[in-house]
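Spelled out from the first residue to the last, the chains are:
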Amino acid sequence: MLKQIIMASKKDNTAPNMEQFKEILKDKKLKATNQRLAVHEAMLSLGHASADMVVEAINATGSAKVTVASVYNILSNLADIKVYHRRLSSNNKMYFDVNTFKHAHLYDSVNNEYKDVVDAELVKLVESYLKERKFRGYKVDAIDIQIVCHPRRKRNTKASAEA
């Protein structure tokens, strides 16, 4: 059942919804605690987030009582069972990605933000090229496309704060 849920999510380019998430937890013999459900709900709205971002989102809704440490542990455990992917930013902060299907990322190195680039042609092109390459002494485990960029213009922080 778990494999079917994960494959359906990857095929549809969507993260597992709350019902699918509960099924994944059940299949992995994990309880659907308020904290786990709140973390997944926050991740669905954030997409890419660090533990402190998830805590902030959960605290804004009041859906559960959590700490940064407990949220980080939940995110890490869920990444271990392939519900999320890990992304390490250039400021050495761990981010988690709710979308586990094949896609590339734009990484804003100024604001430390990730954006999905859903481009099957790009992914296929890079994967097919790299599959033919040999790296002496190494076996390729995965191919992760990350395009590092920065905004062309500075953000108007005053306008952002008022919005």
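These remarks concern the structure in this document. None of the values given here were measured: they were computed from a predicted structure.

With that out of the way, let us pick up the sheet that holds strand S6 (residues 146–149). Spatially, three strands are ordered S5-S4-S6 in an open sheet, and the strand pairing comes out mixed. Each end of this open sheet is capped by a strand with a single partner; those strands are strand S5 (113–117) and S6. Neighbour-to-neighbour, the strand axes of the sheet open up by a mean angle of 25 degrees, direction not taken into account. Pairing of strand S4 (residues 104–108) with S6, which is carried by four bridges, proceeds in the parallel orientation. What sits directly across from His105, in S6, is Gln146.

Summed over all chains, the structure comprises three aromatic pairs. With centroids separated by 6.0 Å and ring planes inclined at 70 degrees, the aromatic side chains of Tyr72 and Phe96 adopt a geometry described as edge-to-face. With Tyr72 in helix H5 (residues 68–80) and Phe96 in strand S3 (residues 94–97), this residue pair connects regions lying 24 residues apart in the sequence. Ring geometry for Tyr95 versus Tyr114: centroids 5.5 Å apart, planes at 65 degrees, classification edge-to-face. Here the residue Tyr95 occupies a position in strand S3, and Tyr114 occupies one in strand S5, the gap between them amounting to 19 residues. Within the aromatic cluster, the residues linked to one another by ring pairs are Tyr95, Tyr107 and Tyr114.

Two elements in contact, helix H2 (residues 18–27) and helix H3 (residues 34–46), have axes separated by 11 Å at closest approach and are oriented at 135 degrees. One way to sum up the angle between H2 and H3 is to call them oblique. Helix-helix and strand crossings are classified by hand; for H2 and H3 the assignment is right-handed. Residues Met18, Phe21, Lys22 and Leu25 of H2 pack against Arg36, Leu37, His40, Glu41 and Leu44 of H3. Tallied by class, residues from the contact of H2 with H3 come to five nonpolar, one polar and three charged.

We now examine the side chain of Arg36. Among the secondary structure elements, Arg36 is positioned in helix H3. With no salt bridge to any partner, buried Arg36 finds its closest opposite charge in Asp80, at an N-O distance of 11 Å. Here the side chain of Arg36 touches Lys31 through a polar contact of 2.7 Å, landing on its backbone oxygen. Setting aside chain neighbours within four positions, we find Arg36 in contact with Phe21, Leu25, Leu30, Lys31 and Ile74.

So, on to a nonpolar patch on the surface. Together, Phe135, Tyr138 and Val140 line one region of the surface with nonpolar side chains, adding up to about 330 Å² of accessible area. Looking at where Tyr138 falls in the secondary structure, it is placed in the loop between helix H6 (120–131) and S6.

Structurally, Ser128 is set in helix H6. Within polar-contact distance, the side chain of Ser128 engages the backbone oxygen of Leu125 at 3.0 Å.

The rules behind the values
- Residues numbered from 1 in each chain as written.
- Predicted model: local features only at pLDDT ≥ 70, side-chain atom pairs only at ≥ 80, totals over all residues.
- Heavy atoms only, no water.
- Pairing = 2+ DSSP bridges.
- Helix = DSSP H or I, 4+ residues; strand = E, 2+ residues; numbered from the N terminus.
- Axes fitted to C-alpha atoms, helices over the stretch in contact; angles between N-to-C directions.
- Phe/Tyr/Trp six-rings, centres within 6.5 Å; stacked < 30°, edge-to-face > 60°.
- Parallel < 35°, antiparallel > 145°, perpendicular 65-115°, else oblique.
- Left-handed = near helix turned anticlockwise from the far one by under 90°.
- Contact = heavy atoms within 4.5 Å.
- Nonpolar A, V, L, I, M, F, W, Y, C, P; charged D, E, K, R; others polar.
- Buried < 20%, exposed > 50% of the residue type's maximum accessible area, 1.4 Å probe, protein only.
- Lys, Arg positive; Asp, Glu negative; His and termini not counted.
- Salt bridge = Lys/Arg side-chain N within 4 Å of Asp/Glu carboxyl O.
- Polar contact = N/O pair within 3.5 Å; in protein donor to acceptor, adjacent residues only side chain to side chain.
- Patch = residues over 30% accessible without salt bridge, like charges linked within 9 Å, V, L, I, M, F, W, Y side chains within 5 Å.
- Areas by Shrake-Rupley, 256 points an atom, 1.4 Å probe, with all protein chains shown as cover.

The analysis is restricted to geometry; functional conclusions fall outside its scope.
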